[in-house]
Amino acid sequence: MHDKTITEIAGALAAGTISSRELTQDLLGRIDRMDGQLNSFITVTAEQALSAADHADQQRANGQAGPLTGVPLAIKDIFCTQGVKTSCGSKMLDNFIAPYDATVVSKLRAAGTVSLGKTNMDEFAMGSSNENSFYGPVKNPWDLTAVPGGSSGGSAAAVAAGLVPAALGTDTGGSIRQPAAFCGITGLKPTYGRVSRYGMVAYASSLDQGGPMARSAADCGLLLNAIAGHDARDSTSVARVVPDYTEELDAPLAGLKIGLPREYFGDGLDPSVESAIRDAIKVFESLGASVREVSLPHTSYAIPAYYVIAPAEASSNLSRYDGVRFGHRCDNPSDLIDLYKRSRAEGFGDEVKRRILIGTHTLSEGFFDAYYKKAQQVRRLIRQDFLDAFEEVDVLMGPAAPTPAFDLGATKDPVSMYLQDIYTIAINLAGIPGISVPAGFSGKRPVGLQILGTHFAEARLLNVAHQFQQATDWHLRRPEIAEENA
Amino acid sequence: MQWETVIGLEVHVQLATQSKIFSGSSTAFGAEPNTQANAVDLGLPGVLPVLNEQAVAMALQFGLGINAEIPEVSVFDRKNYFYPDLPKGYQTSQMYEPIVGRGEVEILLDDGSARVIRVHHAHLEEDAGKSLHEDFHGMTGIDLNRAGTPLLEIVSEPDMRSAKEAVAYLRAIHSIVTYLGISDGNMAEGSMRCDVNVSVRPKGQEEFGTRAEIKNVNSFRFVERAIAYEVERQVELIEDGGKVVQETRLYDPEADETRSMRTKEEANDYRYFPCPDLLPVMVDSAYIDHLRESLPELPAEKRARFQDELGLSAYDAGVLSSSRAMAEYFERTKDVCGDAKQAANWVQGELSGALNRDALDISDSPINADQLGELIKRVIDNTINGKAAKQVFQALWNGEGGGENNSADAIIEARGLKQVTDTGAIDAMVEQVIADSPAQVAQYRDAEPDKRGKMIGYFVGQVMKASRGTANPQQVNTLLKEKLDALC
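In this text the structure is predicted, and so the values were computed from the model without any measurement.

## Describing the overall build of chain B
Argument step 1. For chain B, the count of helices and strands is 16 helices and 15 strands.
Argument step 2. Taking 488 residues into account, the globule formula puts the C-alpha radius of gyration at 23 Å, and chain B, at 30 Å, lies well above it.
Argument step 3. In terms of principal-axis extent, the alpha carbons of chain B reach across some 95 × 55 × 55 Å.
Argument step 4. Split into buried and exposed, the 488 residues of chain B put 42% on the buried side.
Argument step 5. Pairs at least 24 apart in sequence give 68% of the contacts found in chain B among residues at least 6 apart.

What follows is the structure, encoded as C-alpha cells:
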C-alpha cells in the first residue's frame, strides 16, 4: 500500500482489505528501515499512531468512518502537536513539547487521520534545501546526493519515498511547491487565509500558509477539505464557505485559458526544466486549453520585496525565543542580557540569525520607510500584476523552480539560494493559491509544473492539475528507494 | 526670570473587560501568579491574537465621551523590545493609526472656572506582566497574569500649565472612565497609571523647553509632587547655566524626587510595524451611533445640569459630579427629599465629613441615599430641627434604626426627637425660662437695643434645653423676642 494514493487507501480501508493498524504498522516499518538514509522525520510517534489507528478501525467498525478515517500521514514539525516535541527544525525548540494542537492538527485528528510523526524542515522554515535543519539535511529519495528542497523537505521526501501517502507542509515563499517539485509529488499552497495558522509556528505571518503535500491533486483536495476554513483563533483566516474540493476534479478543460508569464521563462531557467514544462503545456493544449503569453511586469522585484517583508516579520516573531519561558536556555547566565545573548546565539542557526539581522535592520528608525514601506508598495504592485493577468486568463503556468533538485552542499551563497524561489515567492506576496505537479524529469531528478489561480481558486487549480494527472503518469513514478523497500 | 511650566500627560487606563485584549484569560486582579495566563498570554510558539470586541467598544465610548474624532480604520502595531515580562518580545499597540483621534477634556479648577485640555489621541494596547524581585534568592520571578490586560493610553497635548491643572486633568479622565464604567479607576491596583511630560520655558516664550518624561506615576498626589520636584529641578538647572536633556525619569515617592532612568541616546528603537496577525479595525457609523445612544450622562454635562436646572453653585456642582458614585448618591438623595440645595449641603457637609473621618468611599457609606433623603425630608417638613437631625444622622451612621429606608423616622420616634411646634407648649417653656432668669432679663433690659440680639442666645439655649432639643428654634426665637421686648 506504500505507493498508493489516499483515494486508493481509503477504498482499501473501506473494503476491509487492510486495517488502519496494519497499514500504520507497515509504514512505521518502512520509516524504521529507510529513514536512517533519508532523515525525513524529526520525531516518529509510533505509539500514538497505533492507538490512533486502532481508534480509527473502531470508528469504522461502528460505521462512523469518514473519507480520511484511518489514513496515515505526517505533519511538518512547524505545527504544534499536543504532548509531542515541536522543534521547528531548531535547537531553540529541541526541548519544546507543545501543550496544544494547531487548528489543522486537531482538524486532521477529528477527520480520523493517523499521524506517524513530525517531519524535518529548514529551521523556522527558512530555507530552500532543507540543509538549515538542526536535525541535519534531508536526502532526496530520487537521488540521495540531491536536496529535497525546502523548507518542507521532510514532508516531500517522506511522501515521495512511500513513508506516508501525504503530509502537511507550509509555504511562505515556495516551501510546499518547490520541495514538491524536487521530490516529484503534488503540493498545494492555498490562498492566504484559507487555512488556519493557529498553532503553526510563525515565520512571516503575512505570507505563511499551511497546505497539503500528496501523490495526486485529488488527494490534495481531500486533505484541503479537512483543513480549510475559518478559525475564530486566527483573525487572518477568511470566513468563506469551504466547497468540496473534489467536486470539480473531473470538469473538462476545453476552453481553459492558460497564461504563460513571460518573466517565468527567462534567464536562469534550466533548459531541461523548460523543456519539461513546455511539454506539459502541450498536454493541456491537447485537452482543449488555449495558451497565451502574459506579463507579470513586477516579477523581478518579488525576491527583494520578500527579503524585506519576511525577515522583518520574522525578526519580531522570533523575539519570543528569549530563554525565559520555553525553548533553549544557556547554562549559568550571568545576568539578563547574557541570558538573552547566549540563549539566542546558541539556539538559532546561521540562516535564522541572518534573517533576524536583516529584519531588525529594515525595521530600524531611519530605514523603515526605505525598506519596509517600499516593499509593501511593491507587494501591492505584484498582487495587481496577478489580478490583471487573471482578467485575461483562468490560470497561469510555469516552472515551480528554475532548476531540478541541486546537489547537497552545492549552494553555499545565501543569495543564490534565495533565487531558488524566483517563481514561487511572488505568489505568497500576492496571497494567491498555487500548486506544483510532477511534469517530467531532468535526468533522475523530477521537474514540477506550477499552476496558479486567483484568490480562492483552489477548486479550479485542483481540477486543472487532476486533469493533467489523468493524461500523464509523472505523478505515478516512484523512486527506486521506494520500490527496493517494498 | 519668570518661568512657565508645560505639562502633557499619557494616562494608561486599564479597561474593565472580562477577558484580556487578545486572549480569553480572565483579567481579575490578585490571582495566584501565572494562573491567568494561557498559551496566548505566554506567547507560546504558534499562538495568535484575537481582538476583544469589548475593549474596542470601551475605547470608542471614551472617544465619544471626549467628543473625539473616531477614525474609520485603526491599526495595531508591534512595539519590539526585549523584557522578561514581555512574553512575545513585542507589545501590541497602536502607533500610527489609533482608535480614538483628537478630542477634548474639560477640567475644573479650584476657583470653579473650567479649562479645556486637548487630547491628541487615545490608543489600545496590551499590558505587560510583572517582574517580582523578592523571594527568589537573587533571581527574578515573572507573573504573567497582567500580560495582555487591555489598556487605553490617553495622550494629551502639552496644554497644562501647573501641577494643579495636571491633577485636575487626571481627575477629569478618572471621572470620565468611571462614569462610562470602562475602568474601575483603581490607582492603587494600577488600573490608572500616568507618564508625565514636563518642561519649563521663560514666560512669554513660544518655543517649548526640552522635556523630561516621568514614568509610571500612580497617584494624584504623586503626580502633583513629581511635577513640583521636576519643575524646580529644571529651573534650577537652567538658572545655574545647565541644560535640560531629553530623558526618561522615575519618581521615587519615598525620597520625593525624580531620578534619571535613561537618556534619549539610550532609548530603544522599538521598530514599530503593523502587526500582521491582526486585521485593521473598521468602525462603521451605525456601530458608533449604537454606542453613542447607550452613553451615560458624563461629568461635564452633569455639572452643567446641576448648575442650570438645580441651581447649585459651580463649586457644589463640580464636587457632586466628580464621581459617578457621588453624583448618583446626590441625585437619589435629592429625589427622595425633594430639595436639591438641602441634599447638596448634607452630602457635602455631614456625609462627606463622616466619610472622610472614617476613610470610606461614598459607595461604602453606612447610610444610603434613601435614608439620608428621608432624614432631610424630616428637616424640611419641620418634624425635627437641625440639631436633632445631626443626632439622627449619627445614629443612622452607627446602624441604628433598623436599616430600612425610613430608619430616620424610627430613630426620631425612639429618641423622642420630634420637634415641638405646638405654640402653647413652647409659650409655656418660654414663660418659665424668663421667670427663672431675672438677672439675665435685667441685663437684657438695660442693654442697648442693638446689643440685645446677641443676648437672646442665652434664653434660646435654655428653652431648647428644657425641650430636650425638640422645640422649633425659629418659633422659640420669635416668641422670646416678643416677650422680652415687651418687658423693656
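From this point, the discussion proceeds with the structure in view.
## Let's talk about the overall build of chain A
Argument step 1. Of the regular secondary structure elements, chain A holds 16 helices and eleven strands.
Argument step 2. In terms of C-alpha radius of gyration, chain A reaches 21 Å, essentially the compact-globule figure of 23 Å for 486 residues.
Argument step 3. With the C-alpha coordinates of chain A rotated into their principal frame, the extents come out at 65 × 50 × 45 Å.
Argument step 4. Counting every position in chain A, which comprises 486 residues, the buried fraction comes to 60%.
Argument step 5. Residue pairs in contact within chain A that sit at least 24 positions apart in sequence constitute 76% of those at least 6 positions apart.

## Description of the domain arrangement of chain B
By a frequent convention, interface size equals the accessible area lost on bringing the separate parts together.
Residue and element names in this part refer to chain B.
Argument step 1. Looking at chain B, the domain boundaries give domain 1 (3-287), domain 2 (297-415) and domain 3 (423-487).
Argument step 2. The C-alpha-based centres of domain 2 and domain 3 are spaced at 33 Å.
Argument step 3. Taken residue by residue, the interface counts four residues in domain 2 and four residues in domain 3.

## A closer look at helix α6 (residues 299-308) of chain B
Residues and elements named next belong to chain B.
Argument step 1. Restricting attention to buried positions, one finds in α6 the residues Pro299, Ala300, Lys302, Arg303 and Phe306. All buried residues of α6 fall inside an arc of 160 degrees around its axis, so they share one side.
Argument step 2. Among the structural elements, β5 (103-108), α3 (163-180), α7 (314-320) and α8 (324-337) are those in contact with the buried residues of α6.

## Digging into the interface of chain A and chain B
Argument step 1. Contact residues are listed per partner, giving 37 residues for chain A and 25 residues for chain B.
Argument step 2. With three residues, the single largest contributor to the side of chain A that touches chain B is helix α9 (residues 302-317) of chain A.
Argument step 3. Taken together, the residues that form the side of chain A that touches chain B break down as 19 nonpolar, ten polar and eight charged.

## Side note on the UniProt feature "active site" (unreviewed entry) in chain A
Residues and elements named next belong to chain A.
Argument step 1. Under the present numbering, the feature "active site" (unreviewed entry) in UniProt falls on Lys76, Ser151 and Ser175. In summary, the annotated positions, though distributed over 100 residues, converge in three dimensions, the widest C-alpha pair being only 11.1 Å.
Argument step 2. Take lysine 76: there are 31 C-beta atoms within 10 Å of it, and that puts it in the buried class.
Argument step 3. Locating serine 175 in the fold gives a position in the loop between β4 (166-171) and α6 (177-183).
Argument step 4. Residue classification places serine 175 among the buried positions, given that 37 C-beta atoms sit within 10 Å.
Argument step 5. Each residue touching serine 175, except ones within four places of it in the same chain, is listed here: Ala125, Gly150, Ser151, Ser152, Gly169 and Thr170.

## With respect to the UniProt feature "domain: Asn/Gln amidotransferase" (unreviewed entry) in chain B
Argument step 1. Under the present numbering, the feature "domain: Asn/Gln amidotransferase" (unreviewed entry) in UniProt falls on residues 328-484 of chain B.
Argument step 2. Between the end C-alpha atoms of residues 328-484 of chain B there is a gap of 48 Å, over a span that is 71% helix and 0% strand.

## Regarding helix α8 (residues 271-286) of chain A
Residue and element names in this part refer to chain A.
Argument step 1. Between its terminal C-alpha atoms α8 stretches 23 Å, which fits the 22 Å expected from 16 residues at 1.5 Å a residue.
Argument step 2. Along α8, the residues that are buried comprise Val273, Ala276, Ile277, Ala280 and Phe284. The buried side chains of α8 occupy one side of the element, clustering within an arc of 95 degrees when seen end-on. Facing away from the buried surface of α8 by more than 90 degrees, the exposed residues are Pro271, Lys282 and Ser286.
Argument step 3. Contact partners of the buried residues in α8: β7 (257-261), β9 (395-399), β10 (434-442), β11 (445-452) and α15 (458-471).
Argument step 4. Taken from the residues just after α8, glycine 288 is the one with a positive phi, measuring 100 degrees.

## Let's talk about unusual backbone geometry
Residues and elements named next belong to chain A.
Argument step 1. With omega at 10 degrees, the peptide bond leading from glycine 150 into serine 151 counts as cis.
Argument step 2. Looking at the secondary structure, you find serine 151 in the loop between β3 (114-119) and α5 (153-160).
Argument step 3. Phi at asparagine 130 takes a positive value of approximately 65 degrees, unusual for a residue other than glycine.
Argument step 4. Positionally, asparagine 130 belongs in the loop between β3 and α5.
Argument step 5. Positioned with a positive phi, phenylalanine 456 is a non-glycine residue whose angle comes to about 65 degrees.
Argument step 6. Mapped onto the elements of the fold, phenylalanine 456 is located in the loop between β11 and α15.
Argument step 7. Among the residues examined, phenylalanine 456 registers 19 C-beta atoms within 10 Å and is labelled partly exposed.

## Side note on the UniProt feature "domain: Amidase" (unreviewed entry) in chain A
Argument step 1. Listed under "domain: Amidase" (unreviewed entry) in the UniProt record, and renumbered for this structure, are residues 22-462 of chain A.
Argument step 2. Structurally, residues 22-462 of chain A is divided into 37% helix and 14% strand, and its ends, taken at the C-alpha atoms, are 30 Å apart.

## Some thoughts on the environment of Ala65(A)
Residues and elements named next belong to chain A.
Argument step 1. Position of alanine 65 among the secondary structure elements: in the loop between α3 (46-61) and β2 (72-76).
Argument step 2. For alanine 65, a count of 19 C-beta atoms within 10 Å gives the class partly exposed.
Argument step 3. Sequence-wise, alanine 65 and leucine 476 are 411 residues apart; in three dimensions their C-alpha atoms are separated by 27 Å.

How each quantity is defined
Residues numbered from 1 in each chain as written. Chains lettered and ligands numbered in written order. Predicted model: local features only at pLDDT ≥ 70, side-chain atom pairs only at ≥ 80, totals over all residues. Helix = DSSP H or I, 4+ residues; strand = E, 2+ residues; numbered from the N terminus. Rg over C-alpha atoms; globule rule 2.2 N^0.38 Å. Buried ≥ 20, exposed ≤ 12 C-beta atoms within 10 Å, placed from the backbone. Contact = placed C-beta atoms within 7 Å. Domains from an automatic or database assignment. Arc of directions from axis to C-beta. Nonpolar A, V, L, I, M, F, W, Y, C, P; charged D, E, K, R; others polar. UniProt positions renumbered as here; feature names shortened; annotations may be inferred. Expected span 1.5 Å × (residues − 1).

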